[in-house]
Amino acid sequence: MKKSGGIFGFAVFTVLWIMPPCCKLTAGPADSLKTLAAAASADTTAIRLLVETGDHYARLDQHDSALYYYNKALSRVVPEYENRYIPGIYYKLNRLFYKNGNYDISLEYLFKVLLHYDIIRASAHDTAKIETQTALAYGDIGLSYFSMENYLKSKEYFEKGYTIIKKLSQSAQKTDATETLFVFVLNLGSIHVALEEFGKAREYFEVALGLNKQLGKIAYDAVLYNNLGIIFKEEKNYQKAYEYYIKSADIREIIKDTAGLAQVNNNLGNLEFERGNYKIAIDFLQKALNYSRKSKNLKSEMLSADFLSQTYEKTREFDKALEMHKLFKQLHDSILDSEKLHQTARLELQYQYEKLRKEAELQQEIALAKKERKSLIYLIIAGIFLFTVVILYLINRNQRIKMRQVKLVKESLELEQKNLTLEKQNLELELDYRNKELATHVMYLVNKNEFLASITEKLLAIRHMLLPENRTVVQEIIREMKSNIDNTVWNEFEVRFQNVHQDFYQKLGEKYPDLTPNEIKLCAFLRLNMTTKDISSITFQSLKSIQVARARLRKKLGITRDENLVSLLQQLG
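What you see is a predicted model, and the numbers here were worked out from it, not measured in a lab.

### Things to note about the overall build of the protein chain
Phase 1 of the analysis: Scanning the protein chain from N- to C-terminus turns up 24 helices and zero strands.
Phase 2 of the analysis: Once local pairs closer than 6 in sequence are excluded, the contacts in the protein chain between residues at least 24 apart make up 63%.
Phase 3 of the analysis: For the protein chain, the exposed surface amounts to about 33100 Å²; the carbon and sulfur share of it is 53%.

### Observations concerning helix H4 (residues 82-99)
Phase 1 of the analysis: Between its first and last C-alpha, H4 extends 25 Å over 18 residues, near the 26 Å set by a 1.5 Å rise per residue.
Phase 2 of the analysis: H4 sits mainly inside the fold: 13 of its 18 residues count as buried.
Phase 3 of the analysis: Two residues or fewer after H4 comes glycine 101, characterised by a positive phi angle close to 90°.

### Quick notes on helix H8 (residues 178-194)
Phase 1 of the analysis: With 17 residues, H8 extends 24 Å from end C-alpha to end C-alpha; this agrees with the ideal 24 Å at 1.5 Å per step.
Phase 2 of the analysis: Most of H8 is tucked away, with 14 of its 17 residues classed as buried.

### What about unusual backbone geometry?
Phase 1 of the analysis: The residue arginine 316 is not glycine, and still its phi comes out positive at about 60°.
Phase 2 of the analysis: Topologically, arginine 316 is positioned in the loop between helix H14 (298-314) and helix H15 (318-401).
Phase 3 of the analysis: The exposure class assigned to arginine 316 is exposed, which follows from its relative accessible area of 62%.
Phase 4 of the analysis: The phi dihedral of asparagine 529 falls on the positive side, at around 65°, and the residue is not glycine.
Phase 5 of the analysis: Checked against the element boundaries, asparagine 529 lands in the loop between helix H21 (517-527) and helix H22 (532-539).
Phase 6 of the analysis: Look at asparagine 529 and you get exposed, because its relative accessible area is 53%.

### A word on the packing of helix H10 (residues 218-234) against helix H12 (residues 258-275)
Two measures define how a pair of helices packs: the angle their axes make with one another and the distance between the axes.
Phase 1 of the analysis: Packing of H10 against H12 brings their axes to within 11 Å, and their N-to-C directions diverge by 15°. Classified by the angle between their axes, H10 and H12 sit roughly parallel to one another. The handedness of the crossing between H10 and H12 is left-handed. Along the contact surface, H10 presents Asn226, Ile230 and Lys233, while H12 presents Gln263, Val264, Asn267, Asn270, Leu271 and Glu274.

### Observations concerning the packing of H22 against helix H23 (residues 543-557)
Phase 1 of the analysis: Where H22 contacts H23, the two axes come as close as 9 Å, and the packing angle between them is 110°. As far as their axial angle goes, H23 and H22 are roughly perpendicular. Regarding H22 and H23, the two cross each other, and that crossing is right-handed. Residues Thr532, Lys533, Ile535, Ser536 and Thr539 of H22 pack against Leu543, Ile546, Gln547 and Arg550 of H23.
Phase 2 of the analysis: Among the residues forming the contact of H22 with H23, the class breakdown is three nonpolar, four polar and two charged.

### A few points about the nonpolar core
Nonpolar side chains tend to gather and get buried jointly when the protein is soluble and globular.
Phase 1 of the analysis: Core analysis: the biggest nonpolar cluster contains 83 residues, and Tyr70, Ile89, Leu93, Tyr117, Ile141, Phe182 and Phe205 have the highest contact counts within it.
Phase 2 of the analysis: It is helix H6 (residues 127-147) that contributes the most residues to this core, 10 residues altogether.

### Focus on the packing of aromatic side chains
Phase 1 of the analysis: What the rule picks out here adds up to 16 aromatic pairs.
Phase 2 of the analysis: Look at tyrosine 57 and tyrosine 69: their rings are 5.6 Å apart centre to centre, the planes differ by 10°, and that puts the pair in the stacked class. Residue tyrosine 57 is located in helix H2 (residues 43-59), and its partner tyrosine 69 is located in helix H3 (residues 63-75); the two are separated by 12 residues in the primary sequence. Each member of the pair, tyrosine 57 as well as tyrosine 69, carries the same accessibility label: buried.
Phase 3 of the analysis: The interplanar angle of 15° and the centroid separation of 5.8 Å between the aromatic rings of phenylalanine 97 and tyrosine 109 together place this pair among those described as stacked.

### Regarding the pattern of salt bridges
Phase 1 of the analysis: Here the structure, examined in full by the defined rule, presents 19 salt bridges.
Phase 2 of the analysis: In this structure, lysine 200 engages glutamate 203 in a salt bridge whose closest nitrogen and oxygen atoms are separated by 4.0 Å. With a gap of three residues between them, lysine 200 and glutamate 203 both fall in helix H9 (residues 198-215), about one helical turn apart.
Phase 3 of the analysis: Residue lysine 200 is classed as partly exposed on the basis of its relative accessible area of 39%.
Phase 4 of the analysis: With a closest N to O distance of 3.5 Å, glutamate 317 and lysine 279 form a salt bridge. Placement of the pair is glutamate 317 in the loop between H14 and H15 and lysine 279 in helix H13 (residues 278-295), with a sequence separation of 38 residues.
Phase 5 of the analysis: Taking relative accessible area as the criterion, glutamate 317 reaches 21% and is therefore assigned partly exposed.

### As for the side chain of glutamate 301
Phase 1 of the analysis: Relative to the helices and strands, glutamate 301 resides in helix H14.
Phase 2 of the analysis: When sequence neighbours within four positions are dropped, the list of residues in contact with glutamate 301 reads Leu289, Ser292, Arg293, Leu327 and Leu331.

### Section: the side chain of asparagine 265
Phase 1 of the analysis: When you line up the elements, asparagine 265 lands in helix H12.
Phase 2 of the analysis: Note on asparagine 265: relative accessible area 5%, which makes it buried.
Phase 3 of the analysis: A distance of 2.8 Å separates a polar atom in the side chain of asparagine 265 from the backbone oxygen of leucine 261.
Phase 4 of the analysis: Apart from the residues within four sequence positions on either side, asparagine 265 is in contact with Phe284, Leu285, Lys287, Ala288 and Tyr291.

### Brief notes about the environment of glutamate 253
Phase 1 of the analysis: In this fold, glutamate 253 is placed in helix H11 (residues 238-254).
Phase 2 of the analysis: One polar contact links glutamate 253 to tyrosine 291, side chain to side chain, over a distance of 2.9 Å.

### Concerning the environment of glutamate 159
Phase 1 of the analysis: Mapping glutamate 159 onto the fold places it in helix H7 (residues 151-170).
Phase 2 of the analysis: Sequence separation between glutamate 159 and alanine 135 is 24 residues, and the spatial gap between their C-alpha atoms is 9.4 Å.

### Let's talk about the confidence of the model for the protein chain
It should be kept in mind that the predicted coordinates are not to be read in detail where pLDDT is low.
Phase 1 of the analysis: In the predicted model, the protein chain carries a mean pLDDT of 80, and 81% of its residues have values of at least 70.
Phase 2 of the analysis: Helix H1 (residues 29-38) is the least confidently modelled element of the protein chain, averaging 50 in pLDDT, while H11 averages 94, the highest of any element.
Phase 3 of the analysis: Confidence drops under a pLDDT of 50 for residues 2-28, and excluding neighbours within four residues, the segment shows 73 contacts in the predicted structure.

### Side note on a nonpolar patch on the surface
Phase 1 of the analysis: Nonpolar side chains collect at one region of the surface, where Leu376, Leu379, Ile380 and Ile384 lie side by side and expose about 360 Å² of accessible area between them.
Phase 2 of the analysis: Residue placement: isoleucine 384 occurs in helix H15.
Phase 3 of the analysis: Residue class for isoleucine 384 comes out partly exposed when judged on its relative accessible area of 35%.

### Here we look at the environment of alanine 259
Phase 1 of the analysis: For alanine 259, the location among the structural elements is in helix H12.
Phase 2 of the analysis: Between the C-alpha atom of alanine 259 and that of serine 295, which follows or precedes it by 36 residues, the distance is 5.4 Å.

Cut-offs and rules
- Residues numbered from 1 in each chain as written.
- Predicted model: local features only at pLDDT ≥ 70, side-chain atom pairs only at ≥ 80, totals over all residues.
- Heavy atoms only, no water.
- Helix = DSSP H or I, 4+ residues; strand = E, 2+ residues; numbered from the N terminus.
- Contact = heavy atoms within 4.5 Å.
- Areas by Shrake-Rupley, 256 points an atom, 1.4 Å probe, with all protein chains shown as cover.
- Expected span 1.5 Å × (residues − 1).
- Buried < 20%, exposed > 50% of the residue type's maximum accessible area, 1.4 Å probe, protein only.
- Axes fitted to C-alpha atoms, helices over the stretch in contact; angles between N-to-C directions.
- Parallel < 35°, antiparallel > 145°, perpendicular 65-115°, else oblique.
- Left-handed = near helix turned anticlockwise from the far one by under 90°.
- Nonpolar A, V, L, I, M, F, W, Y, C, P; charged D, E, K, R; others polar.
- Core = buried A, V, L, I, M, F, W, Y, C linked by side-chain atoms within 4.5 Å.
- Phe/Tyr/Trp six-rings, centres within 6.5 Å; stacked < 30°, edge-to-face > 60°.
- Salt bridge = Lys/Arg side-chain N within 4 Å of Asp/Glu carboxyl O.
- Polar contact = N/O pair within 3.5 Å; in protein donor to acceptor, adjacent residues only side chain to side chain.
- pLDDT = per-residue confidence, 0-100.
- Patch = residues over 30% accessible without salt bridge, like charges linked within 9 Å, V, L, I, M, F, W, Y side chains within 5 Å.

Here's what the structure looks like:
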């Protein structure tokens, strides 16, 4: 007879650490929330009430609401209470996600629990208690890995937990850990069954039987006898398997365990089927079907129907075989629908978890950004203050040194002060400042040339009025002044202009390749928004010549009357 996946009828006990209750409440969730609102200033009370509310929704299988309240409780935990509350809340979240089938998230919370236990262990006086809790956490990790069918990792953590509990039971504290040891031994036997290491599994189950003699819980014996029956059946020792199945069935009859009776009768039916005793197999499987219905266990009932269908085929009772097959299909479809609903609930809970986690991460990022922004503001203010002090000192010093050039120094200092202030804003304002600085420097050179030229002209005008012996002196002065007139204004202007507007000439040449050198010079002056008079002073050309040159340039660039020549050139860079 075929099996429906894995070891038929095999069960694993769940290892649970029951967190000490946060508080005793008799009120329902609505009353709890009212109490919480009234005690919002008391963090410990709020945490206890939120956890209690989460427990209430978890018992009702309203997992999204439970998740909300557990996370609310976590948000209220202040650093001084972290080790007191956080491990317990994480453990509840682990159980919540495990129950919903989100085993990876369940593991995530369990490993967080272990991290907190490591912190607590460093300062704990009662190490036995924290070691016990660590062992139980290992047990839950093993259980999650078992549910994920990662049997080797499951075995690793069950063994870790078992080692700790066994060591504690043998220590000076003489911790009463018999039942915990029993659970770990049973789970390790179950792992070896899953790994098909039946000899090792039987050893663990026999040790578990010895431990249960101390506990005296016959329900545990029933489970162990059933599992031993499975092992002997897998090893083809059908007689031994039969004996252990019957022992399990007798105990379950006594304790009226209908779900367990359905399981063991299915196992007996499966055993007799393989032995070829089809009539006996049908009797056991009919019992299993009835017990499954009494216990409302659809999976067990589906298994019974499937086995009965196959057994009736062997006895050539095809009508009954068809009837059982239809029942099997009906139950199978019903279970699939139920599993689909469970899968939907699992995905919804996972979505809520991801949403809450992202919200928490976003809140942390916002808080960190605010803190960094505040620190940056203080740093900027301090920097500006220090920078201002230094600049003021330099300005004062420059004023004392350059008293003879008050106007120029004043303008330069104003431009420098503006630059120091505006450089914190944007590059466009900086560019504007540099344009002004360039224009100022050019005008300064122009004014100097005009001044020297003016003096020269006046000396030439009065030269004929001087005595012969003085004319020679004046003529020498005129010669020296002419030689000192700065005729390299354009060269210096061009160097400075290219430093400010590096791409202007390149873009101008690419767009208007037919421009003459003089037209290019005129474009540069106009780019700085210089007046016709200023350009005339720099180029030593008349105002009319400059105006004619501008008109020709507009025509060459193809600019209409409505277009602004200066704006066009400024757009080039």
